[in-house]
Amino acid sequence: MKTKNKFYFALIFLFILNYINCESSIKKNLNTNNSAELTQFQKQILAELNFVRTEPKKYAKEILTPKLKYFNGKKYTEPGKNTVLTYEGTKSLRECIRHLNAITPRKKLAFEKGLNLSAQWLADDQAKTGKTGHRGSDGSKIAQRITRYGTWKTYCAENCAYGYTNPRTIVSQLLIDDGIPSRGHRKNILNPKLKKVGIGFSNKNKAPYGAVTVMDFAEIYTSN
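The structure reproduced in this document is the subject of the present report. (Residues numbered from 1 in each chain as written. Predicted model: local features only at pLDDT ≥ 70, side-chain atom pairs only at ≥ 80, totals over all residues. Heavy atoms only, no water.)

At a minimum axis distance of 7 Å, the contact between helix α3 (residues 56–64) and helix α4 (residues 91–102) shows a crossing angle of 150 degrees. Judged by the angle between their axes, α3 and α4 are roughly antiparallel. At the point where α3 passes α4, the crossing takes the left-handed sense. From α3, Pro56, Lys57, Tyr59, Ala60 and Leu64 reach across to α4, where they touch Leu93, Cys96, Ile97, Leu100 and Asn101. (Axes fitted to C-alpha atoms, helices over the stretch in contact; angles between N-to-C directions. Helix = DSSP H or I, 4+ residues; strand = E, 2+ residues; numbered from the N terminus. Parallel < 35°, antiparallel > 145°, perpendicular 65-115°, else oblique. Left-handed = near helix turned anticlockwise from the far one by under 90°. Contact = heavy atoms within 4.5 Å.)

Here you go:
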């Protein structure tokens, strides 16, 4: 009986230790004075964005390189998951890995409340309409939307991802940018000029492909 109790105690201890390590990893890559206002999902997205920005070589080695073994031509199949038919096969992934190995680390993005409200507005809007893209149902573009919630200068950008609900998958697929010749999503995530971000998400109603994530970025931004 004592041996069994020791075994259960060891399992509980390992579970607690794993949880603490996971939380520490997220906190390490957060850069915000408003962390209490973020959902756990937003914290994970922000931590993932800051992981790749501050440690691009490590991200390439630990997160992206292992994906190569799951390709069979243009088909990508992780164990226990459905097969995804990509546009470029390993081409865009290998290109992304080379890019991350070549760049210098960027500064962390900081969460900004006004940008978050803007990003959430578009996520909610697309969940109602079922439409994709960067123009809202009211005709608004990112510059107009972020102005509703604050003031900005010099530079802003927006990323939209569809069909994914896992923070790491969302960020990594935007980085790889399969099928996007301009690699615009990757450029936004790694742009050293961009310093602030807001994150919106919805998987309700008519959300395109079941889920929409919106990231609004700005160089200089002050929330109302």
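From this point, things continue past the structure.
Moving on: the pattern of salt bridges. Applying the stated criterion across every chain, the model contains 10 salt bridges. Ionic pairing is found between Arg183 and Glu88, a salt bridge with its closest N-O pair at 2.8 Å. Taken together, the positions of Arg183 in the loop between α7 (167–176) and α8 (184–190) and Glu88 in the loop between β3 (84–85) and α4 put the pair 95 residues apart, joining distant regions of the chain. Both residues of the pair, Arg183 and Glu88, belong to the buried class. Of the charged contacts, one joins Glu158 and Arg145 as a salt bridge, the two residues approaching to 2.9 Å between their closest N and O atoms. Of this pair, Glu158 sits in strand β5 (residues 150–162) while Arg145 sits in helix α6 (residues 142–148), and the two are 13 residues apart along the sequence. Taken individually, Glu158 and Arg145 each receive the classification buried, so the pair is uniform in this respect. Via salt bridges that share partners, Glu88, Glu95, Arg183 and Arg186 belong to a single interconnected network. (Salt bridge = Lys/Arg side-chain N within 4 Å of Asp/Glu carboxyl O. Buried < 20%, exposed > 50% of the residue type's maximum accessible area, 1.4 Å probe, protein only.)

Membership of the largest hydrophobic core comes to 35 residues, with the highest contact counts inside it found for Tyr59, Leu64, Leu100 and Met215. At the level of elements, α2 (40–54), α3, α4, β5, α7, α8, β6 (196–202) and β7 (212–223) are the ones that each hand at least two residues to this core. At six residues, α2 tops the list of elements feeding residues into this core. With nine residues, the next largest nonpolar core counts Leu122, Ala123, Ala127 and Val214 among its residues. (Core = buried A, V, L, I, M, F, W, Y, C linked by side-chain atoms within 4.5 Å.)

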